[in-house]
Amino acid sequence: MPTHPQRPVAPGARSGRRTPVAALSSRALCLKRVPYGDSSLVVEVLTETHGRVGLLARGAYRLTSRFAGVLDLFHRLELSWRPGAPGALGLLLAGDTERSRRRLPRSLASYRAALAALELAELCSRSGQPEPGLFRLLDGALEALDGGADPDAQLLRFDLCCLAEIGLAPALRRCAACGRRASPAADPAAPAWFDPAAGGRLCPDCRRHSPAALPTRALLLERLASLGEGQGPPGPFAPLEPGRALLERLLENQLESPLRARRRP
């Protein structure tokens with residue numbers, strides 16, 4: 001589900017007369033900020049009621065700007081804007097911080113996990129289409145990270161829930177090819193296979209027809225399934241790093257886009 005960013009066309013820059021458009025308002029989360037001109041700012045936000053929206057905040061970098069200290073990443077905002085023409089930016093009219101999350105950037109691991117969550121939300125959202133479920137997931141993940149939740153486990157949970165929200169949940173308890181339900185793993189070292197192109201786990205029979213399937217542990221896939229269902233972080237026999245690597249391969253395959261915020265330093 002690749003996305004195409006809106007062109008930074010300022011409201012009113014197009015020729016022709018237009019009927020005045022009524023202002024919109026919604027709670028919002030800032031996904032991306034890009035400087036525009038000498039003092040303005042273009043922001044991509046995920047709103048609770050209008051989906052992903054691109055907005056121009058005129059004069060946002062001026063000391064006297066009414067947007068000073070408002071358009072920060074991670075905070076839950078209350079914004080009012082005037083929509084632009086199709087393909088153009090809207091004009092931000094007013095903004096306020098509803099929920100500040102200033103503790104989150106103090107942890108580098110939490111900060112990186114939050115940036116990765118913002119990037120995934122941008123890739124999964126649609127411009128101008130309501131995404132209340134995705135908004136709640138992202139807002140909840142940022143709140144948990146601000147509260148000191150384990151960054152790796154929280155990001156894994158967000159990834160799994162985000163994929164489920166857009167209808168791309170990985171098959172973890174069943175075979176992605178034939179639908180056969182996998183038996184619970186009695187042995188923590190029991191082998192299993194995961195194919196990002198197929199959408200998840202493969203049974204031994206289907207694995208024979210998928211040479212690209214990745215070897216893993218059955219218990220890891222079961223723990224990931226439990227994590228996506230809100231049953232807690234993976235246990236000691238299912239370290240987070242292999243699960244994160246599998247999910248990132250799946251995300252890049254399903255969304256047809258690289259995950260730049262997750263590149264290891």
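Keep in mind the model is a prediction, meaning the values are calculated, not measured.

**Student:** Got a minute to help me understand the overall build of the protein chain in this structure?
**Tutor:** Of regular secondary structure, the protein chain possesses six helices and eight strands. Reading the protein chain from its N end, one meets helices and strands in the order β-β-β-β-β-α-α-α-β-β-α-β-α-α. The proportion of buried residues among the 265 residues of the protein chain is 46%. Considering only contacts in the protein chain between residues 6 or more positions apart, those separated by 24 or more positions represent 64%. Of the accessible surface of the protein chain, which amounts to about 13200 Å², a share of 52% is contributed by carbon and sulfur atoms.

**Student:** I keep staring at the packing of aromatic side chains and nothing clicks. Help me out?
**Tutor:** A ring pair, where both rings are aromatic, is described by two values, the distance of the centres and the angle of the planes. Tallied over the full model, the rule gives one aromatic pair. Each ring, one from F74 and one from Y111, has its centre 5.6 Å from the other, and the planes form 90 degrees; the classification is edge-to-face. Pair noted here: F74 is in the loop between β3 (51–57) and β4 (76–82) and Y111 is in helix α1 (residues 108–124), with a separation of 37 residues, a long-range link. Residue class for F74 comes out buried when judged on its relative accessible area of 3%.

**Student:** Explain the environment of E256 to me, please; I cannot follow it from the model alone.
**Tutor:** By the element assignment, E256 lies in the segment after α6 (240–255). A relative accessible area of 59% places E256 in the exposed class. Once the C-alpha coordinates of E256 and L123 are considered, the two residues, 133 residues apart in sequence, prove to be 9.6 Å apart.

**Student:** Is there a simple way to explain the sheet that holds strand β7 (residues 200–202) in this structure?
**Tutor:** Think of a sheet as strands paired side by side through backbone hydrogen bonds, with each pair either parallel or antiparallel. Taking strand neighbours across the sheet as the criterion, the three strands line up as β7-β6-β8 in an open arrangement whose pairing is antiparallel. Either end of the sheet is taken by a strand with one partner, and the two such strands are β7 and β8 (214–217). Across the sheet, the mean angle from the axis of one strand to that of its neighbour is 50 degrees, orientation sign disregarded. Relative to β7, strand β6 (residues 191–195) runs antiparallel, the two being bridged by three bridges. The residue of β7 that forms the bridge with D195 is G200. Helix-sheet contacts for helix α5 (residues 218–228) involve β6, β7 and β8, and the interaxial angle to β8 is about 75 degrees.

**Student:** Looking at this structure, how should I read the pairing of β6?
**Tutor:** In regular strands, side chains alternate between the two faces of the sheet. Burial within β6 is extensive, with four of its five residues counted as buried. Where β6 and β8 come together, four bridges link them in antiparallel fashion. Note on β8: the bridge partner recorded for W193 is P215. With antiparallel pairing between neighbouring strands as the criterion, β6 and β7 make up a hairpin whose turn holds four residues, including G199 at a positive phi of roughly 100 degrees.

**Student:** I'm lost on helix α2 (residues 132–146) in this one. Help?
**Tutor:** Note on helix geometry: an α-helix contains 3.6 residues per turn, so any two residues three or four positions apart are oriented the same way. Taking 1.5 Å of rise per residue, 15 residues should cover 21 Å, and α2 covers 21 Å from first to last C-alpha, within 8% of that figure. Burial in α2 covers these residues: G133, L134, F135, L138, D139, A141, L142, L145 and D146. Tucked inside the fold, the buried residues of α2 contact β1 (24–36), β2 (40–47), β4, β5 (90–99), α1 and α3 (151–165).

**Student:** Would you explain the packing of α3 against α5 in this entry?
**Tutor:** Two measures define how a pair of helices packs: the angle their axes make with one another and the distance between the axes. Contact geometry for α3 and α5: axes closest at 8 Å, N-to-C directions at 80 degrees. Taken together, the axis directions place α3 and α5 in an arrangement best described as roughly perpendicular. Along the contact surface, α3 presents A153, L156, R157, L160 and C161, while α5 presents L224, L227 and G228.

**Student:** Help me out: how do you make sense of α1 in this one?
**Tutor:** An ideal rise of 1.5 Å per residue puts 24 Å on 17 residues; α1 measures up with 24 Å between its terminal C-alpha atoms. Within α1, twelve of the 17 residues are buried, which leaves the element mostly enclosed by the surrounding structure. Among the residues of α1, S110, A113, A114, A116, A117, L118, E119, L120, A121, E122, L123 and C124 are the ones counted as buried.

**Student:** Is there a simple way to think about the sheet that holds β2 in this case?
**Tutor:** Spatially, five strands are ordered β1-β2-β3-β5-β4 in a closed barrel, and the strand pairing comes out mixed. For this sheet, the mean inter-axis angle between neighbouring strands, taken without regard to orientation, is 50 degrees. One ladder, built from seven bridges, connects β2 with β3; its direction is antiparallel. In the strand pairing of β3, V42 is matched with L56. The sheet contacts of α1 involve β1, β2 and β3, and relative to β1 the element is tilted by about 110 degrees. In the packing of α2 onto the sheet, the strands contacted are β1, β2, β4 and β5, and the crossing angle to β1 comes to about 70 degrees.

**Student:** Is there a simple way to explain unusual backbone geometry in this structure?
**Tutor:** Both trends apply: most residues other than glycine have a negative phi, and most peptide bonds are in trans. Residues other than glycine seldom take positive phi values, yet F74 does so here, at roughly 85 degrees. For E256, which is not glycine, the phi torsion reads 55 degrees and is therefore positive.

**Student:** Any chance you could explain the environment of D187 here in plain terms?
**Tutor:** On the secondary structure map, D187 appears in the loop between α3 and β6. When the C-alpha positions of D187 and R217 are compared, they lie 9.5 Å apart, and in sequence the two are 30 residues distant.

What counts and what doesn't
- Residues numbered from 1 in each chain as written.
- Predicted model: local features only at pLDDT ≥ 70, side-chain atom pairs only at ≥ 80, totals over all residues.
- Heavy atoms only, no water.
- Helix = DSSP H or I, 4+ residues; strand = E, 2+ residues; numbered from the N terminus.
- Buried < 20%, exposed > 50% of the residue type's maximum accessible area, 1.4 Å probe, protein only.
- Contact = heavy atoms within 4.5 Å.
- Areas by Shrake-Rupley, 256 points an atom, 1.4 Å probe, with all protein chains shown as cover.
- Phe/Tyr/Trp six-rings, centres within 6.5 Å; stacked < 30°, edge-to-face > 60°.
- Pairing = 2+ DSSP bridges.
- Axes fitted to C-alpha atoms, helices over the stretch in contact; angles between N-to-C directions.
- Expected span 1.5 Å × (residues − 1).
- Parallel < 35°, antiparallel > 145°, perpendicular 65-115°, else oblique.

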